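Examining the three-dimensional arrangement
Below, each chain spelled out in residue letters.
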Amino acid sequence: MNIAAGAPPESIRDSVRIMTLQAHMLEAQAQFPQATGTFSWILSALSISAKIIADKVRRARLENVLGSVGTENVQGEVQQKLDVLANDVLMRALGGREGVAIVASEENEEPVILRDDGPGVHRYCVLFDPLDGSSNLDVCGGVGTIFSILSHDGRGRDSLLQAGSHQVAAGYVLYGSSTVLVLTIGRGVDMFVLDPSIGAFMRVETGLRIPAGNKSYSVNEGNRKSFPEGYRRYLDWAQSNGYSSRYAGAMVADVHRILLKGGVFLYPPTAKAPEGKLRLMYEANPMAMIMEQAGGKTLAAPRRRVLEIQPTAIHQRTPVILGAAEEVDRVCAHLSG
Ligand code: P6P
């Protein structure tokens, strides 16, 4: 290869290097001399869980694991068979990692206390929605896993009750036309796609930024009549200004579209869910960290960042307005009008 003096070889440029999720994490870890690898091991547990869940989702109808188990979770929502399977995979993968002190799941009423911090041992809390949007499974719609990682601060289960701004990492896996993992460790947003032929998540984007100018909103308009008036004013304005509507019914799918294309996603207070439907700790907070790291915004109400909400319960809910910064501002202008 003819390497001009000073010019780096083509093969080491970010855009052409072969980088797996594992290599990406080890490269990030190397920048922290004091790092012990605990955090990287937790991410590897999430990665293997995603590969197993992806396989189960794609084979669900063939293996007759679609449909519900006939029970309800702590949210009062009917549990799908794959909700329980995905939850079990994540619990077993994370349970085997020394660095995990506590695990909290949408599917479990109580958090699972695995280990306490030992002298000189720093551990983490992992919160997740194992299979977000699972009602889409029967119709082959997008479903996903959402995760949030907090430092364990020695307060036992109260270590979970930290504001979203304290997250050390957040991400999601979208089981869609391909299996995509999106991750932030507080230094931008990176995207990986599972290559099933080699069983590795391959890095395809680094430093994602939400595009501006996409005239698109995402909301369940079936709830329109019970939205607070300001939301209805925004929707009337948007529909009079050429906006399109996109709604997948699974937060991971809707947020992923906004991360890549722009626009705004809304889950306002409704008569059925006056505090909002989405869960703060393992849906809104991780998505909010990703949105803000990608230059977007995530609010619970005008001038109320989701990441600043001080939680009082691990399953508490919140309204959500998230997406491109200028579009979130436009929604808020109608809420405050
Ligand atoms: P609705 C899925 O059940 C979920 O928790 C989110 O993934 C999704 O954004 C929302 O609920 C959909 O709720 O009321 O529109 O069906």
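These numbers come from a predicted model, not from an experiment. Counting starts from 1 at the beginning of each chain's written sequence and moves along it residue by residue. Local features in a predicted model are, by the rule used here, given only for residues with pLDDT of at least 70; side-chain atom pairs are given and counted only at 80 or more, and totals for whole chains, interfaces and linings are based on all residues. Derived side-chain values reflect all non-hydrogen atoms in the structure, with water molecules and hydrogen atoms excluded from consideration.

Some thoughts on the overall build of the protein
The secondary structure listing takes helices from DSSP runs of H or I that are at least 4 residues long and strands from runs of E that are at least 2 residues long, numbered from the N terminus. Secondary structure summary: the protein contains seven helices and 18 strands in total. With the C-alpha coordinates aligned to their principal axes, the bounding extent of the protein is approximately 60 × 55 × 45 Å. Relative to its full complement of 337 residues, the protein shows a buried share of 51%. Sequence-distant contacts, at least 24 apart, represent 64% of the contacts inside the protein between residues at least 6 apart. Surface summary for the protein: the accessible area is close to 14,900 Å², and the carbon and sulfur share equals 52%. For the exposure calls, accessible area comes from a 1.4 Å probe over protein chains only, and a residue counts as buried if that area is under 20% of its type's maximum, exposed if over 50%, partly exposed in between. Contacts were defined at the residue level, with two residues in contact if any of their heavy atoms lie within 4.5 Å. Here the open area of atoms and residues is found with the Shrake-Rupley method and a 1.4 Å probe, where only the protein chains shown may cover a residue.

Digging into unusual backbone geometry
Unusually for a residue other than glycine, cysteine 140 sits at a positive phi of about 60°. Along the chain, the position of cysteine 140 falls in the loop between β5 (124–132) and β6 (143–151). Phi at arginine 303 is positive, roughly 65°, even though this residue is not glycine. Looking at the element boundaries, arginine 303 is found in the loop between β15 (297–301) and β16 (304–305). When its relative accessible area of 75% is taken as the criterion, arginine 303 is described as exposed.

Things to note about the sheet that holds strand β9 (residues 189–195)
Spatial strand order, β4-β3-β5-β6-β7-β8-β9-β10: eight strands in an open sheet with mixed pairing. Sheet topology places β4 (112–113) and β10 (200–205) at the edges, where each strand pairs with a single neighbour. All axes are obtained by fitting lines to C-alpha atoms, using only the stretch in contact for helices, and the reported angles, taken between N-to-C directions, cover 0 to 180 degrees. Of the strands in this sheet, β3 (100–105), β5, β6, β7 (169–175), β8 (179–184) and β9 touch helix α6 (residues 280–293), which is tilted by about 85° from β6. One requirement defines pairing of two strands: DSSP has to find at least two bridges between them.

Some remarks on the site of the ligand
Around the ligand sit 13 residues, and of these Asp132, Asn220, Tyr247, Met251 and Tyr267 come closest. Between lysine 277 and the ligand, the recorded distance is 2.9 Å, taken from a side-chain N or O atom to an oxygen atom. Counting of polar contacts relies on pairs of N or O atoms within 3.5 Å, with two restrictions inside protein: one atom must be capable of donating a hydrogen and the other of accepting it, and residues adjacent in sequence are counted only when both atoms are side-chain atoms. Take arginine 279: an N or O atom from its side chain is 3.3 Å from an oxygen atom of the ligand. Surface burial for the ligand is 82%, taken as the share of its 400 Å² of free accessible area covered by protein chains. More than half of the atoms of the ligand fall within 2 Å of the grid points belonging to the largest pocket. For the shell around the ligand, the elements supplying multiple residues, two or more each, are β13 (264–267) and β14 (278–279). The residue makeup of the shell around the ligand, split by class, is six nonpolar, three polar and four charged. Definition of nearness: a residue and a molecule or strand are near each other if at least one heavy atom of the residue lies within 4 Å of the molecule or strand. With a 1 Å grid spanning the protein atoms alone, the term cavity applies to any set of points in which a 1.4 Å probe fits but cannot get out, the term pocket to an open set with protein on both sides within 12 Å along at least five of seven lines, and the term lining residue to any residue with an atom within 4 Å of a point. A molecule is said to be in a cavity or pocket once over half of its atoms fall within 2 Å of that pocket's grid points. Residues were grouped as follows: Ala, Val, Leu, Ile, Met, Phe, Trp, Tyr, Cys and Pro as nonpolar; Asp, Glu, Lys and Arg as charged; and all remaining residues, including Gly, as polar.

With respect to the environment of leucine 21
Mapping leucine 21 onto the fold places it in helix α1 (residues 21–29). Under the relative-accessibility criterion, leucine 21 is labelled buried at 6%. Excluding its chain neighbours within four sequence positions, the residues that come into contact with leucine 21 are Ser47, Leu181, Leu183, Phe192 and Phe201.

As for the pairing of β5
Counting buried positions along β5 yields nine of nine residues, so the element is predominantly enclosed. As paired elements, β5 and β6 share seven bridges and run antiparallel to each other. Across the sheet, the residue bridging to valine 126 is isoleucine 149, located in β6.

Some words on the sheet that holds strand β18 (residues 320–323)
Sheet architecture is open: six strands sit in the order β12-β11-β13-β18-β15-β16, paired in mixed fashion. For this open sheet the edge positions go to β12 (244–245) and β16, each flanked by a neighbour on one side alone. Seen against the sheet, helix α7 (residues 325–336) touches β13, β15 and β18 and runs at an angle of roughly 145° to β18.

Comments concerning the domain arrangement of the protein
Taken domain by domain, the protein holds domain 1 (17–205) and domain 2 (216–335). Contacts between domain 1 and domain 2 engage 45 residues on the former and 32 residues on the latter. The contact between domain 1 and domain 2 buries some 2,800 Å² in all, and 65% of this surface belongs to carbon and sulfur atoms. Of all residues in domain 1, Ile146, Leu161 and Tyr172 give up the largest surface area on contact with domain 2, accounting jointly for 21% of the area buried on that side. By convention in these notes, a salt bridge is any Lys or Arg side-chain nitrogen within 4 Å of a carboxyl oxygen on Asp or Glu. One can count one salt bridge joining domain 1 with domain 2. When the shortest N-O distance is used, the salt bridge between glutamate 106 and arginine 279 registers 2.6 Å. Applying the counting rule to domain 1 against domain 2 returns 13 residue pairs in polar contact (both at pLDDT 80 or more). Listed by contribution, the elements that provide at least two residues to the side of domain 1 that touches domain 2 are β3, β5, β6, β7, β8 and β9. Class assignment of the residues belonging to the side of domain 1 that touches domain 2 gives a composition of 22 nonpolar, 17 polar and six charged. All domain edges in this entry derive from an automatic or database-based domain assignment. Values labelled buried area give the accessible surface lost by two parts on being combined, using a 1.4 Å probe and summing over both.

Some words on the pairing of strand β1 (residues 68–72)
Both β1 and strand β2 (residues 78–80) contribute to a ladder of two bridges, which runs antiparallel. Within β2, the position partnered with serine 68 by the bridge is glutamine 80. Between β1 and β2, which pair antiparallel one after the other, the connecting turn spans five residues, and glycine 76 there sits at a positive phi close to 80°.

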